[in-house]
Amino acid sequence: MGPSSVPPASPPLAVSREFFCPCPLGVEDLLAEEVRGAGAETVAVTRAGVRFRGSIETALRVCLWSRVASRVLLPLATFEAPTPEALYAGAASIPWEEHLDITRTLAVQANLSASRVTHNAYAALKVKDAIVDRQREQCGGRSSIRPVRPHVKVDLHIHRDVATISLDLSGEALSHRGYRVQGGEAPLRENLGAAMLLRAGWPDLARQGAPLLDPMCGTGTLLIEGALIAGEIAPGLTRHYFGFLGWEQFPRELWLRVVREARAHAAAKRGQIPRIIGADADPGAVAAAVANAAAAGLADVVKTVVRPIAELTPPEGVAGGLVVVNPPYGHRLGRGGDLEALYTT
């Protein structure tokens, strides 16, 4: 298969397209359930990801609602790329003028494995060159490069000399919810925190009114993700940046409708959030948890106190619920004797 295999671009918004969502290992089944809930027509679980077909609206809903996905990718072309020249030719065959205006910025991220093209940065550079050369030819100008939060981010994946070039509709990892205004030394990634809670059966417990307790809450990731799940609040509502916002085919009115629906749903369900309680021995971590909860709009439901785990007692009036904890394990926190003493406690 060569560059001639590049599919036609710009199908109507309602047309079914193929998407790929990478995710952390071990949560693929959770992600598959999420994309089905967003309206995906066909879903295939792969290693560390899920492929699905659906409309652009489906992809936007996954960007807004997925709690465990890392990204949402829209493949534009797949072709053989055993050499840098083949990679350039395949990338140059994509009608970039239908995806990227020359006044908007661009970044290319590459990931290579088991291929003759072996250098990520060089491969990304060849794709970037192909894009801007085509822009000059078709539009008389070219996009500037902006590595962080560009208008359009292009994802390149080459495995066994087969390249797939995609638009990264998420733009940056979906685990970046936007509420982490203060971080700790070793914060838990938000999508992993959400996966822990989903695996623990938290949605059903929350619907029954059971409280959530994290006795080593750190900067509050598990507490905030727990409140978002319990209140059926889309985790993307606190984000201000997505990769599709600068895409030429971005359906602005459709996105605004999807966001309005999510906000209305969150307002209607907020009252069902049960008690969310956190404690930590570090006053700085608790202060960060308070700030992060406020940034997520959850200051009134996420409650934290400074308290070492040795003084942990059940919250007053609570007969049962879910205790969830991400303790230090000696990699970045809790080295040496401190870790042994903590686990003994």
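Residues numbered from 1 in each chain as written. Predicted model: local features only at pLDDT ≥ 70, side-chain atom pairs only at ≥ 80, totals over all residues. Heavy atoms only, no water.

## Description of the overall build of the protein
Tallying secondary structure elements over the protein gives 10 helices and 11 strands in all. Against the 2.2 N^0.38 benchmark of 20 Å for 345 residues, the protein shows a C-alpha radius of gyration of 22 Å, consistent with a compact globule. C-alpha extents for the protein along the principal axes are approximately 70 × 45 × 35 Å. Taken over 345 residues, the protein has a buried fraction of 49%. Considering only contacts within the protein whose residues lie at least 6 apart along the sequence, 79% involve residues at least 24 apart. Accessible area of the protein: about 15,700 Å², with a carbon and sulfur share of 53%. (Helix = DSSP H or I, 4+ residues; strand = E, 2+ residues; numbered from the N terminus. Rg over C-alpha atoms; globule rule 2.2 N^0.38 Å. Buried < 20%, exposed > 50% of the residue type's maximum accessible area, 1.4 Å probe, protein only. Contact = heavy atoms within 4.5 Å. Areas by Shrake-Rupley, 256 points an atom, 1.4 Å probe, with all protein chains shown as cover.)

## Concerning the sheet that holds strand S10 (residues 302–306)
With parallel pairing, 4 strands are arranged side by side in an open sheet as S10-S9-S8-S11. The open sheet has two edge strands with one neighbour each: S10 and strand S11 (322–323). Here strand S9 (residues 276–280) runs beside S10; their pairing, made up of 5 bridges, is parallel. In the sheet register, Ala279 faces S10, and the bridge partner there is Val305. Across the sheet, helix H9 (residues 283–295) touches S9 and S10, and the angle it forms with S10 is around 165 degrees. (Pairing = 2+ DSSP bridges. Axes fitted to C-alpha atoms, helices over the stretch in contact; angles between N-to-C directions.)

## Looking at the nonpolar core
Across soluble globular proteins, you tend to see nonpolar side chains buried next to one another. Grouped together as the largest cluster of nonpolar side chains are 88 residues, with contacts concentrated most on Val154, Leu169 and Leu298. Among the elements that take part in this core, helix H7 (residues 221–230) stands out by supplying 7 residues, more than any other. Beyond its immediate sequence surroundings of up to four residues, Leu298 is in contact with Ile224, Ala227, Leu228, Ile233, Arg270, Ile273 and Ala293. (Core = buried A, V, L, I, M, F, W, Y, C linked by side-chain atoms within 4.5 Å.)

## Observations concerning the confidence of the model for the protein
Summing up the model confidence of the protein, the mean pLDDT is 93 and the portion of residues at 70 or higher is 94%. With pLDDT under 50 throughout, residues 1–10 is counted as low confidence; its partners more than four residues away or in other chains account for 22 contacts. (pLDDT = per-residue confidence, 0-100.)

## A short note on the packing of aromatic side chains
This model, assessed by the stated rule, comprises 5 aromatic pairs. Here Phe242 and Trp255 contribute two aromatic rings whose centre-to-centre distance is 5.3 Å and whose plane-to-plane angle is 70 degrees, an arrangement assigned as edge-to-face. Taken together, the residues span a long stretch of sequence, with Phe242 in the loop between H7 and helix H8 (252–269) and Trp255 in helix H8 at a distance of 13 residues. Neither Phe242 nor Trp255 differs from the other in exposure class; each is buried. Clustering of aromatic rings is evident, with ring pairs tying together Phe242, Phe244, Phe250 and Trp255. Directly above the ring of Phe242 sits Arg239, whose terminal nitrogen or CZ lies 4.5 Å from the centroid. (Phe/Tyr/Trp six-rings, centres within 6.5 Å; stacked < 30°, edge-to-face > 60°. Lys NZ or Arg CZ within 6 Å of the ring centre and 35° of its normal.)

## Overview of the environment of Gly141
By the element assignment, Gly141 lies in the loop between helix H4 (120–139) and strand S6 (152–159). Non-local contacts of Gly141, meaning those with residues more than four positions away in its chain, are made with Ile102, Gln135 and Arg136.

## Examining H9
Given a rise of 1.5 Å per residue, 13 residues ought to cover 18 Å, and the 18 Å separating the end C-alpha atoms of H9 matches this to within 8%. One side-chain oxygen at the N-terminal end of H9 lies 2.9 Å from the backbone nitrogen of Gly284; it belongs to Asp282. In the stretch just after H9, Gly297 is the one whose phi turns positive, near 75 degrees. (Expected span 1.5 Å × (residues − 1). Polar contact = N/O pair within 3.5 Å; in protein donor to acceptor, adjacent residues only side chain to side chain.)

## Side note on the pattern of salt bridges
If you walk through the whole model with that rule in mind, you get 17 salt bridges. The closest approach of N and O atoms between Glu57 and Arg61, which form a salt bridge, is 3.0 Å. Placement of the pair is Glu57 and Arg61 together in helix H2 (residues 56–65), with a separation of 4 residues, close to one helical turn. The class for Glu57 is partly exposed, based on a relative accessible area of 22%. Between Arg71 and Asp168 there is a salt bridge, with its nearest N and O atoms 2.7 Å apart. Of this pair, Arg71 sits in the loop between H2 and strand S4 (73–80) while Asp168 sits in strand S7 (residues 162–168); the two residues are 97 residues apart in sequence, bridging distant segments of the chain. A relative accessible area of 3% places Asp168 in the buried class. (Salt bridge = Lys/Arg side-chain N within 4 Å of Asp/Glu carboxyl O.)

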